[in-house]
Amino acid sequence: EAGVAQSPRYKIIEKRQSVAFWCNPISGHATLYWYQQILGQGPKLLIQFQNNGVVDDSQLPKDRFSAERLKGVDSTLKIQPAKLEDSAVYLCASSLSNPGGQETQYFGPGTRLLVL
Amino acid sequence: AQSVAQPEDQVNVAEGNPLTVKCTYSVSGNPYLFWYVQYPNRGLQFLLKYITGDNLVKGSYGFEAEFNKSQTSFHLKKPSALVSDSALYFCAVRDWGGGGNKLTFGTGTQLKVEL
(Lines give C-alpha, C1' and ligand atoms only; values in the text may rest on other atoms or scores of the structure.)
Protein backbone atom coordinates (compact mmCIF):
# COMPACT_ATOMS: atom_id res chain seq x y z
CA GLU A 1 0.00 0.00 0.00
CA ALA A 2 1.42 3.35 -1.03
CA GLY A 3 1.93 5.89 1.73
CA VAL A 4 1.20 9.59 1.85
CA ALA A 5 2.97 11.38 -0.98
CA GLN A 6 4.21 14.95 -0.79
CA SER A 7 6.03 17.24 -3.18
CA PRO A 8 8.33 18.98 -3.44
CA ARG A 9 10.63 17.61 -0.74
CA TYR A 10 12.62 20.81 -0.44
CA LYS A 11 11.94 24.42 -1.37
CA ILE A 12 13.97 27.59 -0.94
CA ILE A 13 12.31 30.94 -1.58
CA GLU A 14 12.79 34.57 -0.67
CA LYS A 15 10.49 36.37 1.70
CA ARG A 16 7.34 37.82 0.14
CA GLN A 17 7.36 35.13 -2.57
CA SER A 18 4.62 32.52 -2.82
CA VAL A 19 4.95 28.74 -2.56
CA ALA A 20 2.66 25.73 -2.87
CA PHE A 21 2.89 22.23 -1.48
CA TRP A 22 1.04 19.17 -2.71
CA CYS A 23 -0.17 16.10 -0.83
CA ASN A 24 -1.76 12.87 -2.00
CA PRO A 25 -3.15 10.82 0.91
CA ILE A 26 -3.37 7.08 1.26
CA SER A 27 -6.07 5.71 -1.00
CA GLY A 28 -9.44 5.64 0.72
CA HIS A 29 -8.49 8.01 3.51
CA ALA A 30 -11.22 10.60 3.92
CA THR A 31 -9.44 12.74 6.49
CA LEU A 32 -6.42 14.84 5.58
CA TYR A 33 -4.30 17.02 7.86
CA TRP A 34 -1.60 19.63 7.27
CA TYR A 35 0.88 20.20 10.10
CA GLN A 36 3.71 22.70 10.46
CA GLN A 37 6.85 21.56 12.27
CA ILE A 38 9.28 24.30 13.24
CA LEU A 39 12.79 23.17 14.09
CA GLY A 40 13.00 21.89 17.66
CA GLN A 41 9.23 21.67 18.12
CA GLY A 42 6.50 19.12 17.66
CA PRO A 43 4.17 19.38 14.69
CA LYS A 44 1.26 21.80 14.99
CA LEU A 45 -1.98 21.41 13.03
CA LEU A 46 -2.72 24.01 10.39
CA ILE A 47 -5.86 22.55 8.84
CA GLN A 48 -7.97 19.37 8.82
CA PHE A 49 -10.21 18.26 5.95
CA GLN A 50 -12.95 15.66 5.97
CA ASN A 51 -13.40 14.75 2.29
CA ASN A 52 -13.50 18.17 0.61
CA GLY A 53 -14.76 20.11 3.64
CA VAL A 54 -12.74 21.98 6.26
CA VAL A 55 -13.19 20.62 9.77
CA ASP A 56 -10.63 22.71 11.67
CA ASP A 57 -8.61 25.68 10.42
CA SER A 58 -8.48 27.52 13.71
CA GLN A 59 -4.66 27.65 13.71
CA LEU A 60 -4.19 28.51 10.04
CA PRO A 61 -2.81 32.06 9.50
CA LYS A 62 -5.49 32.92 6.98
CA ASP A 63 -3.97 36.21 5.94
CA ARG A 64 -1.18 34.31 4.17
CA PHE A 65 -1.97 30.58 4.21
CA SER A 66 -4.65 28.82 2.19
CA ALA A 67 -5.45 25.20 1.51
CA GLU A 68 -7.87 23.28 -0.64
CA ARG A 69 -8.97 19.73 -1.29
CA LEU A 70 -11.39 20.28 -4.12
CA LYS A 71 -12.19 16.70 -5.07
CA GLY A 72 -11.71 15.21 -1.65
CA VAL A 73 -8.51 13.42 -2.58
CA ASP A 74 -5.26 15.35 -3.01
CA SER A 75 -4.65 18.72 -1.38
CA THR A 76 -2.61 21.87 -1.90
CA LEU A 77 -1.30 24.20 0.79
CA LYS A 78 -0.20 27.69 -0.29
CA ILE A 79 1.69 30.47 1.40
CA GLN A 80 1.47 33.97 -0.06
CA PRO A 81 3.46 36.01 0.82
CA ALA A 82 6.01 33.99 2.77
CA LYS A 83 7.72 35.32 5.88
CA LEU A 84 11.00 34.26 7.44
CA GLU A 85 9.14 32.58 10.31
CA ASP A 86 7.41 30.24 7.84
CA SER A 87 10.64 28.27 7.52
CA ALA A 88 9.61 24.83 8.69
CA VAL A 89 8.74 21.32 7.59
CA TYR A 90 5.18 20.99 6.31
CA LEU A 91 3.78 17.55 7.00
CA CYS A 92 0.70 16.04 5.45
CA ALA A 93 -1.11 13.21 7.19
CA SER A 94 -4.18 11.14 6.41
CA SER A 95 -6.48 8.74 8.18
CA LEU A 96 -9.65 6.80 7.61
CA SER A 97 -12.78 8.74 8.38
CA ASN A 98 -12.16 9.63 11.96
CA PRO A 99 -15.20 10.99 13.79
CA GLY A 100 -14.23 9.28 17.03
CA GLY A 101 -10.58 10.26 16.91
CA GLN A 102 -9.37 6.70 17.28
CA GLU A 103 -7.92 6.25 13.82
CA THR A 104 -4.18 6.45 13.28
CA GLN A 105 -2.79 9.34 11.30
CA TYR A 106 -0.15 8.36 8.74
CA PHE A 107 2.37 11.00 7.77
CA GLY A 108 4.12 11.80 4.53
CA PRO A 109 7.85 12.61 4.29
CA GLY A 110 7.22 16.36 4.53
CA THR A 111 8.31 19.42 2.58
CA ARG A 112 11.19 21.37 4.06
CA LEU A 113 10.75 25.10 3.37
CA LEU A 114 13.48 27.66 3.83
CA VAL A 115 12.54 31.33 3.51
CA LEU A 116 15.49 33.69 2.98
CA ALA B 1 -6.95 22.00 26.20
CA GLN B 2 -5.28 18.66 25.82
CA SER B 3 -1.50 18.55 26.18
CA VAL B 4 1.43 16.21 26.60
CA ALA B 5 4.84 16.85 28.13
CA GLN B 6 8.10 15.13 27.38
CA PRO B 7 10.39 16.13 30.24
CA GLU B 8 13.64 14.94 28.68
CA ASP B 9 15.14 16.59 25.62
CA GLN B 10 17.58 13.74 25.19
CA VAL B 11 17.96 10.19 26.46
CA ASN B 12 21.20 8.25 26.13
CA VAL B 13 21.32 4.49 26.51
CA ALA B 14 23.80 1.73 25.70
CA GLU B 15 22.87 -0.83 23.07
CA GLY B 16 21.30 -3.88 24.65
CA ASN B 17 20.05 -1.98 27.68
CA PRO B 18 16.38 -1.21 28.27
CA LEU B 19 15.15 2.21 27.26
CA THR B 20 12.38 4.46 28.51
CA VAL B 21 11.15 7.69 26.94
CA LYS B 22 8.81 9.57 29.24
CA CYS B 23 5.50 11.25 28.47
CA THR B 24 2.87 12.74 30.76
CA TYR B 25 -0.51 14.01 29.67
CA SER B 26 -3.15 16.51 30.72
CA VAL B 27 -6.62 15.96 29.31
CA SER B 28 -10.28 16.40 30.06
CA GLY B 29 -12.02 13.10 29.55
CA ASN B 30 -10.48 9.86 28.35
CA PRO B 31 -7.10 10.26 26.66
CA TYR B 32 -6.23 8.86 23.25
CA LEU B 33 -2.42 8.69 23.26
CA PHE B 34 0.08 8.03 20.48
CA TRP B 35 3.80 7.59 19.96
CA TYR B 36 5.60 8.46 16.74
CA VAL B 37 9.26 8.28 15.70
CA GLN B 38 11.03 10.64 13.31
CA TYR B 39 14.28 9.84 11.54
CA PRO B 40 16.32 12.67 9.95
CA ASN B 41 14.66 14.15 6.87
CA ARG B 42 11.76 11.76 7.20
CA GLY B 43 8.16 12.13 8.24
CA LEU B 44 6.66 10.72 11.39
CA GLN B 45 6.26 6.96 11.66
CA PHE B 46 3.51 5.55 13.86
CA LEU B 47 4.67 3.26 16.67
CA LEU B 48 1.63 2.59 18.84
CA LYS B 49 -1.49 4.02 20.40
CA TYR B 50 -3.66 3.70 23.49
CA ILE B 51 -7.38 4.13 23.04
CA THR B 52 -8.90 1.89 25.68
CA GLY B 53 -8.41 -1.54 27.22
CA ASP B 54 -5.15 -3.13 28.30
CA ASN B 55 -2.77 -0.62 29.90
CA LEU B 56 0.25 -2.23 28.20
CA VAL B 57 0.25 -1.48 24.50
CA LYS B 58 2.58 -3.27 22.09
CA GLY B 59 3.69 -1.60 18.90
CA SER B 60 6.12 -1.70 16.03
CA TYR B 61 9.84 -2.59 16.18
CA GLY B 62 9.59 -4.12 19.67
CA PHE B 63 8.34 -0.96 21.36
CA GLU B 64 5.66 -0.92 24.01
CA ALA B 65 4.07 1.71 26.20
CA GLU B 66 2.34 1.61 29.55
CA PHE B 67 -0.71 3.74 30.21
CA ASN B 68 -0.88 4.81 33.86
CA LYS B 69 -4.01 6.74 34.71
CA SER B 70 -3.06 7.58 38.30
CA GLN B 71 0.26 9.06 37.21
CA THR B 72 -1.14 10.48 33.94
CA SER B 73 1.78 8.94 32.10
CA PHE B 74 2.32 7.02 28.87
CA HIS B 75 6.00 6.08 28.83
CA LEU B 76 7.55 4.38 25.81
CA LYS B 77 9.74 1.37 26.52
CA LYS B 78 11.86 -1.24 24.81
CA PRO B 79 13.57 -4.13 26.59
CA SER B 80 16.79 -4.03 24.54
CA ALA B 81 17.85 -0.91 22.63
CA LEU B 82 19.45 -0.98 19.19
CA VAL B 83 21.71 1.65 17.63
CA SER B 84 19.12 1.89 14.85
CA ASP B 85 16.55 3.09 17.42
CA SER B 86 18.41 6.41 17.61
CA ALA B 87 15.88 8.99 16.47
CA LEU B 88 13.47 11.70 17.65
CA TYR B 89 10.41 10.41 19.50
CA PHE B 90 7.13 12.28 19.87
CA CYS B 91 4.26 11.63 22.22
CA ALA B 92 0.87 12.97 21.11
CA VAL B 93 -2.69 13.21 22.38
CA ARG B 94 -5.93 13.48 20.46
CA ASP B 95 -7.26 17.03 20.82
CA TRP B 96 -10.82 18.01 19.93
CA GLY B 97 -10.22 21.74 20.26
CA GLY B 98 -11.07 23.67 17.13
CA GLY B 99 -13.84 21.32 16.09
CA GLY B 100 -11.67 18.59 14.64
CA ASN B 101 -9.62 15.79 16.14
CA LYS B 102 -6.02 16.80 15.60
CA LEU B 103 -2.99 15.45 17.39
CA THR B 104 -1.26 17.74 19.87
CA PHE B 105 2.38 16.79 20.13
CA GLY B 106 5.02 17.07 22.79
CA THR B 107 8.33 18.75 22.10
CA GLY B 108 10.09 15.50 21.33
CA THR B 109 12.85 13.44 22.94
CA GLN B 110 16.06 12.68 21.10
CA LEU B 111 17.09 9.09 21.77
CA LYS B 112 20.74 8.19 21.30
CA VAL B 113 21.75 4.56 21.52
CA GLU B 114 25.49 4.00 21.74
CA LEU B 115 27.62 0.92 21.26
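Because the structure is a prediction, the values reported are computed rather than measured.

### What about the overall build of chain B?
Across its full length, chain B holds zero helices and twelve strands. Going from N to C terminus, chain B has its helices and strands arranged as β-β-β-β-β-β-β-β-β-β-β-β. Scaling as 2.2 N^0.38, a compact globule of 115 residues should have a C-alpha radius of gyration of about 13 Å, and chain B matches this with 14 Å. In terms of overall dimensions, chain B has C-alpha extents of about 45 × 30 × 20 Å along its principal axes. Here chain B holds 115 residues, and the buried ones make up 48% of them. Counting only contacts in chain B whose residues sit at least 6 apart along the sequence, the fraction spanning at least 24 positions is 55%. Carbon and sulfur atoms make up 49% of the accessible area of chain B, which totals about 5300 Å². Charge centroids of chain B, computed over 10 positive and 9 negative side chains, lie 7 Å from each other.

### A look at the environment of A:Ala30
Residues and elements named next belong to chain A. Tracing the sequence through the fold places Ala30 in the loop between strand E3 (19-24) and strand E4 (31-37). Along the sequence, Ala30 and Gly101 sit 71 residues apart, while their C-alpha atoms lie 13 Å from each other. With residues up to four places along the chain from it excluded, the contact list for Ala30 reads Phe49, Gln50, Asn51, Arg69, Ser95, Leu96 and Ser97.

### Description of a nonpolar patch on the surface
A cluster of nonpolar side chains, A:Ile12, A:Leu114 and A:Leu116, forms an exposed patch at the surface whose accessible area comes to about 300 Å². Take A:Leu116: it is sitting in the segment after strand E11 (111-115).

### Regarding the nonpolar core
B:Trp35, B:Leu47, B:Leu48, B:Phe74, B:Leu76 and B:Tyr89 are the most contacted members of the largest nonpolar core, which totals 26 residues. Sorting the residues of this core by element identifies strand E2 (10-14), strand E3 (19-21), strand E5 (33-38), strand E6 (44-50), strand E8 (64-68), strand E9 (73-78), strand E10 (87-95) and strand E12 (109-114) of chain B as the ones contributing at least two each. In this structure, A:Val4, A:Ile13, A:Leu77 and A:Ile79 belong to the second largest nonpolar core, which totals 21 residues.

### Some thoughts on the sheet that holds strand E7 (residues 65-68) of chain A
One key point about sheets: their strands pair by backbone hydrogen bonds, in either a parallel or an antiparallel sense. All names here are of chain A. Read from one edge to the other, the open sheet built from four strands follows the order E1-E3-E8-E7, with strand pairing classed as antiparallel. Taken across any chain shown, the strands that pair with only one partner, and hence form the sheet edges, are strand E1 (5-7) and E7. Strand-to-strand twist across the sheet, computed as the mean angle between neighbouring axes with direction ignored, equals 15°. Bridge count for E7 against strand E8 (residues 75-79) is four bridges, and the pairing is antiparallel. Considered in E8, the bridge of Phe65 is made with Ile79.

### Let's talk about the pattern of salt bridges
All names here are of chain B. Here the structure, examined in full by the defined rule, presents seven salt bridges over all chains. We note a salt bridge from Lys58 to Glu64, for which the minimum N-O separation is 2.9 Å. Across the pair Asp85 and Lys78 runs a salt bridge whose closest N-O atoms are separated by 2.8 Å. One exposure class covers both Asp85 and Lys78, and it is buried.

### Observations concerning the pairing of E8(B)
Residue and element names in this part refer to chain B. The pairing of strand E7 (residues 56-58) with E8 spans three bridges and is antiparallel. By the bridge assignment, Leu56 is partnered in E8 with Glu66. Between E7 and E8, which pair antiparallel one after the other, the connecting turn spans five residues, and Tyr61 there sits at a positive phi close to 55°. As defined by bridge partners, E8 adjoins E9 across five bridges and the pair is classed as antiparallel. Counterpart to Ala65 in the pairing with E9 is Leu76.

Rules behind the numbers
- Residues numbered from 1 in each chain as written.
- Chains lettered and ligands numbered in written order.
- Predicted model: local features only at pLDDT ≥ 70, side-chain atom pairs only at ≥ 80, totals over all residues.
- Heavy atoms only, no water.
- Helix = DSSP H or I, 4+ residues; strand = E, 2+ residues; numbered from the N terminus.
- Rg over C-alpha atoms; globule rule 2.2 N^0.38 Å.
- Buried < 20%, exposed > 50% of the residue type's maximum accessible area, 1.4 Å probe, protein only.
- Contact = heavy atoms within 4.5 Å.
- Areas by Shrake-Rupley, 256 points an atom, 1.4 Å probe, with all protein chains shown as cover.
- Lys, Arg positive; Asp, Glu negative; His and termini not counted.
- Charge placed at Lys NZ, Arg CZ, Asp CG, Glu CD.
- Patch = residues over 30% accessible without salt bridge, like charges linked within 9 Å, V, L, I, M, F, W, Y side chains within 5 Å.
- Salt bridge = Lys/Arg side-chain N within 4 Å of Asp/Glu carboxyl O.
- Core = buried A, V, L, I, M, F, W, Y, C linked by side-chain atoms within 4.5 Å.
- Pairing = 2+ DSSP bridges.
- Axes fitted to C-alpha atoms, helices over the stretch in contact; angles between N-to-C directions.

Function cannot be inferred from these measures alone, as they are strictly geometric.
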